Amino acid sequence: MIKQSLAALFVVLLQLLCPAWSQPFPNYHADFVDIEEKDTDLKWWQTGAFYQIYPRSFKDSNGDGVGDLNGIAAQLPYLKEIGITATWLSPIFTSPMADFGYDIANFTEIAPIFGTMEDFEKLMKVAKEQDIKIILDFVPNHSSDECEWFRRSAAGDPEYKDFYVWHPGHVENGNRRPPSNWISVFRGSAWQWHEGRQEYYLHQFVKKQPDLNYRNPKVREAMNNVLRFWLAKGVAGFRIDAVPHVFEIAPDAQNQYRDEPRNDWDNDPEDYGYLQHIYTVDQPETIDLVYSWRAVLDAFQRDNGGDERILMAETYSPINIVMRYYGNETAEGAQLPFNFLLISEISNSSNAHAYEDTIQKWLQHMPKGRTANWVLGNHDKPRVGSRLGTDRVDMLNMLTSTLPGASVTYQGEELGMTNVWISWKDTVDPSACNTNPSIYENFSRDPERTPFQWSDAQDAGFSNASKTWLPIAQNYKQVNVELEQQKPLSHLNVFKQLWKLRRQSRTLQRGDTQVKALSDTVLAVKRSLEHESTLLTLMNIYDGVETINLQQTFKDLPAQLRVLLITERSQVKVGDLINSTSLQLQPKDSLILEATSSYYGYATNGELRSLPALGVYLWLAQVALYLSSR
């Protein structure tokens, strides 16, 4: 009996001492937090894993060498497997394919090369079964010159006469010239003479893509109806293409357009960079137009219910302009204006301080209450593996999946696919075809658009055609889904583990964020949330072995951290405990570490409370000891 009493006294003393012992540990907060406040549901898109599909190159189901809707539907289980929330499809609408779908002849029809409306409806059904949302590409700046609207506008039909931007131009010395010096993104004049109408029309892209006139209310309503049509088909939202271009400056009182000033650094008068585009992009009306599209989506939701429909806006504009796309005090805008900073500001030579500055640039400019997003690649930019190195693929996927907000992955980046060299003969991108064999590689987007690599079978498992629309990468036998599924630390499996962790971790979904360059070579991202484990992402950007002391930067970390996730470059194993004051990173290594909470959370009377975990266990031991003595 005496032994039992002494044991009980010892347990009580330990229990009293536990809070003092626990103080240095992270994640303890003495204040009580209201459960309802803490557990407010996040909207589906706020921590979403978005995945861009370039339909021509994803999966060919009928053997014509071009990907299609049935191919996408068949592979949606793959997206589910790797943790994707929603997939954005590049244009699938009726088009003569002068710009591979971005020249739309009918905004509410499916291009036959991709399938039928029935195929699209089947895709939507499969997506619902897989719990994957479908985002469509909305291309508002222009249509195809084969669009019925343009044909009627060119013919002078009163209903469509002003659907596009027309101007008679100027006659000097008997020669007619364009209305202004504006240059197309795809080289040469942005004005094209139309013999039928005897006027020029504006095309900021290829000449088969005439710009719509958003100063005409009928155009606005026509495009609003396009949004409503696809919303009624069940899509979860839209990625808005080339948003900054939708408005150009209005003509002056004499119906004349102003010339844009020159850039001194570009001496090629055909090149887009030759001019400063102060009259053809980022006009003030553009922001309000995006707000009006958001209003269309919100009205549809009010009338039809369901999850929030979203807008994702493509803009490479200056950061202060991009932030206005989110909305203002009186109007909501795009939920996710694309954050391209990791594409435009990070290069092979960028050190950890550059990464920190780039990430902080978005977070510090972002209006309060908005959601960040991180884009590593797309169909217009060189692949991550080619731009920043295949040995950085895992660390960059680790970075974007552990930063706050949503992440957008371009198809194949989860595998480490790289750009494919395309000869002049095989080049099909109009951006390159409008140049010449000596410079086309500087303009071509074909290298990042090659077919997806599913297996080491014929055509990388993409197709069984005798020829695919673009050549298959030569390394497809070494880089493909089937092979990488079998390797525990392949790019694909690291990607899957990252998004599994993201779905499970409240800290990654809701936590505070600290981004710090620990040196020129090592970047750290700390995510913390009260009553939850603190997570730390570490990236060694360069080729040397680095030893770091985490407590010099993060004072509240414990002496040891547990390894949660590694790559094939890591020498530690998942579950290892490592010293936070002397941690070694291998060249191009990246890790996710966990500092576990020493406190146990419990709920009572609507409050979330914390107790020292050791104290809880000792209290239970005391109760058991008491019961055993009776």
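Quick caveat: nothing in here was measured; it's all calculated off a predicted structure. (Residues numbered from 1 in each chain as written. Predicted model: local features only at pLDDT ≥ 70, side-chain atom pairs only at ≥ 80, totals over all residues. Heavy atoms only, no water.)

Draft legend 1. Structural context of the overall build of the chain. Helix and strand counts for the chain stand at 17 helices and 26 strands. Looking at the chain as a whole, 57% of its 630 residues qualify as buried. At a minimum sequence separation of 6, the contacts of the chain that also span at least 24 residues come to 68%. Put simply, the chain shows about 26,800 Å² of open surface, and 50% of that area lies on carbon and sulfur atoms. (Helix = DSSP H or I, 4+ residues; strand = E, 2+ residues; numbered from the N terminus. Buried < 20%, exposed > 50% of the residue type's maximum accessible area, 1.4 Å probe, protein only. Contact = heavy atoms within 4.5 Å. Areas by Shrake-Rupley, 256 points an atom, 1.4 Å probe, with all protein chains shown as cover.)

Draft legend 2. Local environment of the side chain of Glu-314. Tracing the chain through its elements places Glu-314 in the loop between strand 13 (310-313) and helix 8 (319-324). On the accessibility criterion, Glu-314 (8% relative accessible area) is buried. A polar side-chain atom of Glu-314 sits 2.6 Å from the main-chain amide nitrogen of Ala-242. Ignoring anything within four residues of it in the chain, the contact list for Glu-314 reads Arg-239, Ile-240, Asp-241, Ala-242, Val-243, Pro-244, Phe-338, Phe-340 and Asp-380. (Polar contact = N/O pair within 3.5 Å; in protein donor to acceptor, adjacent residues only side chain to side chain.)

Draft legend 3. Examining the sheet that holds strand 16 (residues 406-410) more closely. Pairing is parallel in the open sheet, where 8 strands are placed in the order 14-13-12-6-3-2-16-15. Among the strands making up the open sheet, the edge pair consists of strand 14 (336-337) and strand 15 (373-375). Sheet analysis places strand 13 next to strand 14, joined by 2 bridges and oriented parallel. Residue Met-312 lies in a different strand from strand 14, and its bridge partner there is Leu-336. Along the sheet, helix 6 (residues 217-232) contacts strand 6 (133-138) and strand 12 (237-240); its crossing angle with strand 6, the most-contacted strand, is approximately 160°. (Pairing = 2+ DSSP bridges. Axes fitted to C-alpha atoms, helices over the stretch in contact; angles between N-to-C directions.)

Draft legend 4. Region of interest: the packing of aromatic side chains. According to the stated counting rule, one finds 33 aromatic pairs in the structure shown. Taken together, a centroid distance of 5.5 Å and an interplanar angle of 15° make the contact between Phe-150 and Trp-166 stacked. Taken together, the residues span a long stretch of sequence, with Phe-150 in helix 5 (residues 148-154) and Trp-166 in strand 7 (residues 166-167) at a distance of 16 residues. Judged on exposure class, the residue Phe-150 and its partner Trp-166 are both buried. Taken together through their ring pairs, the aromatic side chains of Tyr-51, Phe-58, Tyr-78, Phe-452 and Trp-454 make up a single cluster. For the cation-ring pair, Lys-133 lies above Trp-44, with the distance from its terminal atom to the ring centre recorded as 5.2 Å. (Phe/Tyr/Trp six-rings, centres within 6.5 Å; stacked < 30°, edge-to-face > 60°. Lys NZ or Arg CZ within 6 Å of the ring centre and 35° of its normal.)

Draft legend 5. Broad picture of the side chain of Gln-46. Relative to the helices and strands, Gln-46 resides in the loop between helix 2 (35-38) and strand 2 (49-53). Reaching out from Gln-46, the side chain makes a polar contact with the side chain of Thr-371 at a distance of 3.2 Å. Here Gln-46 is in contact with Thr-371, Gly-405 and Ala-406, once residues within four sequence places are set aside.

Draft legend 6. Representation of the nonpolar core in the model. In this structure, Tyr-78, Leu-79, Phe-120, Leu-136, Trp-149, Trp-230 and Phe-238 are the most contacted members of the largest nonpolar core, which totals 97 residues. When residues of this core are assigned to their parent elements, the largest contribution, 8 residues, is made by helix 7 (residues 284-304). Here this core spans two domains, since at least three of its residues come from each of domain 1 (49-142 + 221-256 + 278-493) and domain 2 (143-213 + 257-277). In this structure, Trp-149 is in contact with Phe-107, Tyr-160, Phe-163, Tyr-164, Leu-212, Ala-222 and Met-223, ignoring residues within four places of it in sequence. (Core = buried A, V, L, I, M, F, W, Y, C linked by side-chain atoms within 4.5 Å. Domains from an automatic or database assignment.)

Draft legend 7. Just empty space enclosed by the protein, in detail. Counted according to the given criterion, the structure contains 4 cavities of 30 Å³ or more. Put simply, the largest cavity is a space of about 40 Å³. As for the largest cavity, its lining consists of Phe-93, Ile-104, Phe-107, Asp-137, Phe-138, Val-139, Val-226, Trp-230 and Phe-238. Elements represented by at least two residues in the lining of the largest cavity include exactly strand 6 and helix 6. Grouping the amino acids of the lining of the largest cavity by side-chain chemistry returns 8 nonpolar, no polar and 1 charged. Counted as a void, the second largest cavity has a volume near 40 Å³. (1 Å grid on protein atoms, 1.4 Å probe; cavity = no way out; pocket = protein on both sides within 12 Å on 5 of 7 lines; lining within 4 Å. Points joined across faces, edges and corners; volume = space filled by probe spheres on them. Nonpolar A, V, L, I, M, F, W, Y, C, P; charged D, E, K, R; others polar.)

Draft legend 8. Focus on helix 10 (residues 352-365). For helix 10, spanning 14 residues, the distance from its first C-alpha to its last is 20 Å, which sits close to the expected 20 Å at 1.5 Å a residue. Looking at helix 10, one finds that the buried residues are Ala-352, Tyr-355, Glu-356, Thr-358, Ile-359, Gln-360 and Trp-362. If you check the start of helix 10, you find a side-chain oxygen 3.0 Å away from the backbone N of His-353, and it comes from Asn-351. (Expected span 1.5 Å × (residues − 1).)

Draft legend 9. Representation of the pairing of strand 17 (residues 512-517) within the structure. As paired elements, strand 17 and strand 18 (residues 522-528) share 6 bridges and run antiparallel to each other. Across the sheet, residue Val-515 finds its bridge partner in strand 18, namely Val-525. The turn linking strand 17 back onto strand 18 is made up of 4 residues.

Draft legend 10. Structural detail: the confidence of the model for the chain. Per-residue pLDDT for the chain has a mean of 91; in total, 88% of the residues score no lower than 70. Taken together, the stretch residues 8-38 has pLDDT below 50 and engages in 65 contacts with residues farther than four places along the chain or on a different chain. Contacts of residues 599-610 to residues separated by more than four positions or lying in other chains number 36 contacts, the stretch itself having pLDDT below 50. (pLDDT = per-residue confidence, 0-100.)

Draft legend 11. Highlighting the pattern of salt bridges. By the definition in use, this model includes 32 salt bridges. A salt bridge links Asp-307 to Lys-133, with the nearest nitrogen and oxygen atoms 2.8 Å apart. In this pair, Asp-307 is assigned in the loop between helix 7 and strand 13 and Lys-133 in strand 6, connecting sequence segments 174 residues apart. Ionic pairing is found between Asp-543 and Lys-588, a salt bridge with its closest N-O pair at 3.1 Å. Residue Asp-543 is located in the loop between strand 19 (534-540) and strand 20 (546-548), and its partner Lys-588 is located in the loop between strand 23 (583-585) and strand 24 (590-595); the two are separated by 45 residues in the primary sequence. Residue class for Asp-543 comes out exposed when judged on its relative accessible area of 57%. Each of the salt bridges in this network shares a partner with another, and the network as a whole consists of Lys-43, Arg-294, Asp-298, Glu-308, Glu-332 and Arg-370. (Salt bridge = Lys/Arg side-chain N within 4 Å of Asp/Glu carboxyl O.)

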